[in-house]
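Spelled out from the first residue to the last, the chains are:
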Amino acid sequence: MSFKADKIWLNGEFVNWEDAKIHILSHVVHYGSGVFEGIRAYSVKGIPAIFRLKDHMDRLYDSARIFRMEPDISKEELIEITIELIKVNKLKEAYIRPLIYRGYGMLGLNPFKCPIEVMVAAWDWGTYLGQDALEKGISAKISSWNRAAPNTFPSMAKISGNYVNSQLVKIEAYENGYDEGIALDSYGFVSEGSGENLFIVRHGVLFTPPTNSSILPGITRHSIFVMARELGIPVKQHVLPRESLYVADEVFLTGTAAEITPVTKIDNITIGNGKAGEITKKLQQCFFDILSGEKEDRFGWLTLVK
Ligand code: PMP
């Protein structure tokens, strides 16, 4: 595993990793004017399989629309480029990072004078929070930093600048010895982790905050809805008070990076029996069975790169 590959696709061509550079006065560097995605490719019996590629690209273009920065290149073209990039770099398992950003033009707050540029990178990547985290769970802290109020930053869009908030949540958790931070929304209700959506299980029912709790509508979150339906587990999108976490039977986080990670301690309170819960494990099993090719891709989630 290394944070490097051969080529990066940048503004129309595959360039060497070392040469994928932009001007220091590019708008995005100063003002966070970019929209991006985090996508994963799994090795399905040796063949790279990109997880929910179309859905990630849909969200990328939705983010771009929200931030008034639709690129010239079409979604379909970017999908093809992403597939090509995996081949060019001979990757089996990968983390894929497309970014649409405002480049070099004028360094004023009006972004329209700066060109809209596009890049896609991919590299080899293992688990985000570690294999142990997936099996044994992690600790989390409720952050003193809230998610942005609905009329401040558009949380439905994956905008680079939004991630200042996520970093503050992560830094606080890290500095205080917790694995992850969970942010409340501006009304004090549970929102999400620094880079993950959150679910709780109580009496056999799954609950997760709705989009009006300042969350990013996660693609893994949606995958939980799909799998839960198949498994016959009821799901409710519900505003959650902070204390509902402490009395939950199970808590887990979902995301492209975190996959499905149990949370076994929050604010030093043990959740349930302190172990990965039964429903969490069922969902993990169902998820990884598809991503490993163990079971059929019946939801059409995988794009095989042949
Ligand atoms: N919330 C935030 C703030 C995130 O950055 C992410 C990761 N993209 C998620 C939730 C989970 O989304 P997904 O399952 O699409 O990766």
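Residues numbered from 1 in each chain as written. Predicted model: local features only at pLDDT ≥ 70, side-chain atom pairs only at ≥ 80, totals over all residues. Heavy atoms only, no water.

Undergrad: Please clarify how the site of the ligand should be interpreted in this entry.
TA: The immediate surroundings of the ligand are formed by 15 residues, with Tyr163, Glu192, Ile219, Thr220 and Thr256 found nearest. One nitrogen or oxygen atom from the side chain of Tyr163 is found 2.5 Å from an oxygen atom belonging to the ligand. Interatomic distance of 2.6 Å between a side-chain N/O atom of Thr256 and an oxygen atom of the ligand. A total of 380 Å² of accessible area belongs to the ligand in isolation, and the protein chains cover 95% of it. Mapping the ligand onto the cavity grids shows that it belongs to the largest pocket. Elements that contribute at least two residues to the shell around the ligand include exactly helix H6 (219-231) and strand E14 (250-255). Considering only residue class, the shell around the ligand consists of 3 nonpolar, 8 polar and 4 charged. (Near = heavy atom within 4 Å. Polar contact = N/O pair within 3.5 Å; in protein donor to acceptor, adjacent residues only side chain to side chain. Areas by Shrake-Rupley, 256 points an atom, 1.4 Å probe, with all protein chains shown as cover. 1 Å grid on protein atoms, 1.4 Å probe; cavity = no way out; pocket = protein on both sides within 12 Å on 5 of 7 lines; lining within 4 Å. Sits in = over half its atoms within 2 Å of the grid points. Helix = DSSP H or I, 4+ residues; strand = E, 2+ residues; numbered from the N terminus. Nonpolar A, V, L, I, M, F, W, Y, C, P; charged D, E, K, R; others polar.)

Undergrad: Please explain empty space enclosed by the protein as it appears in this structure.
TA: Picture a little ball the size of a water molecule; that probe, rolled over the atoms, points out where space is still empty. If you walk through the whole model with that rule in mind, you get 1 cavity of 30 Å³ or more. In this model, the largest cavity occupies a volume close to 40 Å³. In terms of lining residues, the largest cavity is bounded by Asp249, Glu250, Val251, Pro262, Val263, Thr264, Ile271, Lys275, Ala276, Gly277 and Thr280. The set of elements that each furnish at least two residues to the lining of the largest cavity consists of E14 and strand E15 (259-266). Ranked by residues supplied to the lining of the largest cavity, first place goes to E15 with 3 residues. For the lining of the largest cavity, a count of residues per class yields 5 nonpolar, 3 polar and 3 charged. (Points joined across faces, edges and corners; volume = space filled by probe spheres on them.)

Undergrad: So what exactly am I meant to see when it comes to the packing of H6 against helix H8 (residues 278-291) here?
TA: Axes are the key here: two packed helices are described by the angle between their axes and the distance separating the axes. Close contact between H6 and H8 brings their axes to 10 Å; oriented N to C, the two are set at 105°. Classified by the interaxial angle, the pair formed by H6 and H8 is roughly perpendicular. Between H6, through Thr220, Ile224, Met227, Ala228, Glu230 and Leu231, and H8, the contact on the second element is made entirely by Lys282, Leu283, Cys286 and Phe287. Class assignment for the residues of the contact of H6 with H8 results in 7 nonpolar, 1 polar and 2 charged. (Axes fitted to C-alpha atoms, helices over the stretch in contact; angles between N-to-C directions. Parallel < 35°, antiparallel > 145°, perpendicular 65-115°, else oblique. Contact = heavy atoms within 4.5 Å.)

Undergrad: Just to check I follow, could you spell out the domain arrangement of the protein for this structure?
TA: Accessible area lost upon the coming together of the parts is a frequently used measure of interface size. Taken domain by domain, the protein holds domain 1 (7-123) and domain 2 (131-292). Relative to domain 2, the C-alpha centre of domain 1 lies at a distance of 26 Å. Listed per partner, the contact involves 22 residues of domain 1 and 19 residues of domain 2. Between domain 1 and domain 2 lies a buried interface of about 1,800 Å² when both sides are counted; carbon and sulfur atoms form 62% of it. For the domain 1 face of the interface with domain 2, the top three residues by lost area are Phe36, Tyr42 and Arg59, together amounting to 32%. For Glu259, the salt bridge goes to Arg40, with nearest N and O atoms at 3.5 Å. Applying the counting criterion to the domain 1 and domain 2 interface returns 12 residue pairs in polar contact (both at pLDDT 80 or more). (Domains from an automatic or database assignment. Buried area = accessible area lost by both parts, 1.4 Å probe. Salt bridge = Lys/Arg side-chain N within 4 Å of Asp/Glu carboxyl O.)

Undergrad: What's the story with the layout of surface pockets in this structure? I'm lost.
TA: Roughly 590 Å³ of volume is contained in the largest pocket. In terms of lining residues, the largest pocket is bounded by 33 residues, among which Lys158, Tyr163, Ser194, Gly195 and Glu196 are the most central. Broken down by secondary-structure element, the contributors of at least two residues to the lining of the largest pocket are helix H2 (53-66), strand E6 (94-102), helix H5 (163-175), strand E10 (190-193), H6 and E14. Take the lining of the largest pocket: its biggest share by element is 4 residues, from H5. The residue inventory of the lining of the largest pocket, partitioned by class, reads 10 nonpolar, 15 polar and 8 charged. Counting contributing residues per domain, the lining of the largest pocket is built from domain 1 (7-123) and domain 2 (131-292), each supplying no fewer than three.

Undergrad: How do you make sense of the packing of H2 against helix H3 (residues 75-88) when you look at a structure like this?
TA: Interaxial distance between H2 and H3 falls to 10 Å at its minimum, and their mutual angle equals 130°. With respect to their mutual orientation, H2 and H3 come out oblique. In terms of crossing hand, the pair formed by H2 and H3 is right-handed. Counting all contacts with H2, which are made through Leu53, Lys54, Met57, Asp58, Leu60 and Tyr61, the residues of H3 involved are Lys75, Leu78, Ile79, Thr82 and Ile83. A class-by-class count of the residues in the contact of H2 with H3 yields 7 nonpolar, 1 polar and 3 charged. (Left-handed = near helix turned anticlockwise from the far one by under 90°.)

Undergrad: Would you mind showing me how to read the nonpolar core here?
TA: Among soluble globular proteins, nonpolar side chains are generally buried collectively. Trp9, Ile50, Leu78, Ile86 and Ile96 are the most contacted members of the largest nonpolar core, which has 28 residues in total. Of all the elements in the fold, those that place two or more residues in this core are strand E4 (39-44), H2, H3, E6 and strand E7 (116-123). Non-local contacts of Ile96, meaning those with residues more than four positions away in its chain, are made with Glu37, Gly38, Ile39, Ala41, Ile50, Thr82, Ile86, Val120, Ala121 and Ala122. Grouped together as the second largest cluster of nonpolar side chains are 24 residues, Val226, Ile260, Ile279 and Cys286 included. (Core = buried A, V, L, I, M, F, W, Y, C linked by side-chain atoms within 4.5 Å. Buried < 20%, exposed > 50% of the residue type's maximum accessible area, 1.4 Å probe, protein only.)

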